[in-house]
Amino acid sequence: MTQYDAVVLAGGAARRLGGADKPAVRVGGRRLLDRVLGACPDAGRTVVVGPRRPTVRPVTWTREEPPGGGPLAGLAAGLRCVRAERVLVLSADLPFLAPGTVHGLLGALDPAEAALLVDGEGRDQPLVAAYRTEALRREIGLLAAEHGTLNGLPVRLLTGELTTQRVPAAGGGHGAAAASFDCDTWEDISRARAHIRDDGTVLEEWISAVKAELGLDLDVDVTGLLDLARDAAHGVARPAAPLTTFLIGYAAAQRGGGPEAVAEAARVAGELARRWAAEAAGEQA
């Protein structure tokens, strides 16, 4: 993937949330801002425009002057910290944005100047988009010159003169699971939380949250570990399941960590659990 920087806009007033600190609101136990940061972990530099908050990984902070000037003013402030030729622009309230969507937007830039996510109703999302940095700076400069200020200008003005590619949002059209789904109201927050609790991906969401909180960059073979936990619970004793998976993690860490170390530790423990169960079955027979 071509090097890129990211600008995340996290300084809105959140009037429809009663003035709550929207980027700090939690969905699935994680702050909305951290969920967005998790979608672009490979950005060369991540610039967050807004008041400083705790974040799951290091970022560069900046603010528009004066604060509260709106998304275009915030974007202009963020761009001053960007170094890469391509820049990802995101709002801080996208609970279901994933790295796959980010890479799809970046890949769609050739030969365009902007790649915009399109929601299930066909609307362009200029704050879920990838841009060529110089083209974006040019358009913001032209808007500032034309209007005398960027404060309060609608963000839709940004892409009128850019050559664009449009990328459909993945994950359920305009539903709660869509990559374009944003949280403007408490009802939106409730829908996002309900989706995580009720959907079949609840375990995946939980594993992602744990990895983010622990700072782990590791692909987990969830099915394999669950199979092992089941074998340990049924073939040995029920408490053996969580203790076995803990010991696998510890052993993998002792061997340098990484997916291969986890897989090998799980293989060894799995064979032991099957031998244990076979002996027990033989004794009962």
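Residues numbered from 1 in each chain as written. Predicted model: local features only at pLDDT ≥ 70, side-chain atom pairs only at ≥ 80, totals over all residues. Heavy atoms only, no water.

A.B. asks: Could you clarify how one ought to interpret the pattern of salt bridges in this entry?
C.D. replies: Tallied over the full model, the rule gives 14 salt bridges. Taking the shortest distance from any N to any O, the salt bridge between Lys22 and Asp93 comes out at 2.9 Å. With Lys22 in the loop between β1 (5-9) and β2 (26-27) and Asp93 in the loop between β6 (86-91) and α3 (99-107), the pair connects residues that are 71 residues apart, well separated along the chain. Each member of the pair, Lys22 together with Asp93, is buried. Put simply, Asp124 and Arg166 hold a salt bridge, and the shortest N to O gap is 2.9 Å. Of the two residues, Asp124 sits in strand β8 (residues 124-132) while Arg166 sits in strand β9 (residues 164-168), which places them 42 residues apart along the sequence. According to the relative accessible area criterion, Asp124 is partly exposed, its value standing at 29%. Taking the relative accessible area as the measure of exposure, Arg166 reaches 47% and is therefore partly exposed. Via salt bridges that share partners, Lys22, Asp93 and Asp184 belong to a single interconnected network. (Salt bridge = Lys/Arg side-chain N within 4 Å of Asp/Glu carboxyl O. Helix = DSSP H or I, 4+ residues; strand = E, 2+ residues; numbered from the N terminus. Buried < 20%, exposed > 50% of the residue type's maximum accessible area, 1.4 Å probe, protein only.)

A.B. asks: What is the right way to read the pairing of strand β4 (residues 46-49) from this model?
C.D. replies: As a general feature of sheets, a regular strand has side chains that alternate between the two faces. Along β4, one buried face is formed by Thr46 and Val48 and the opposite face, lined by Val47 and Val49, is buried too. Bridge count for β1 against β4 is 4 bridges, and the pairing is parallel. Looking across to β4, one finds that Val7 is bridged to Val47. Bridge count between β4 and strand β5 (residues 60-62): 3 bridges; the pairing is parallel. Residue pairing for β5: Val49 is matched across the bridge by Thr62. (Pairing = 2+ DSSP bridges.)

A.B. asks: Please explain the nonpolar core as it appears in this structure.
C.D. replies: A general tendency of soluble globular proteins is for nonpolar side chains to be buried together. Counting residues in hydrophobic clusters, the biggest one holds 30 residues, and the most contacted among them are Tyr4, Val48, Leu88, Leu90, Leu97 and Leu105. Of all the elements in the fold, those that place two or more residues in this core are β1, α1 (32-37), β6, α3, β7 (114-118) and β8. Beyond its immediate stretch of four places on either side in the chain, Tyr4 contacts Cys40, Asp42, Ala43, Gly44, Arg45, Ala84, Arg86, Leu88, Val102 and Leu106. Val47, Val87, Leu143 and Leu150 belong to the second-largest nonpolar core, a separate cluster that totals 26 residues. (Core = buried A, V, L, I, M, F, W, Y, C linked by side-chain atoms within 4.5 Å. Contact = heavy atoms within 4.5 Å.)

Interpretation note: all reported values are geometric properties and have no functional meaning in isolation.
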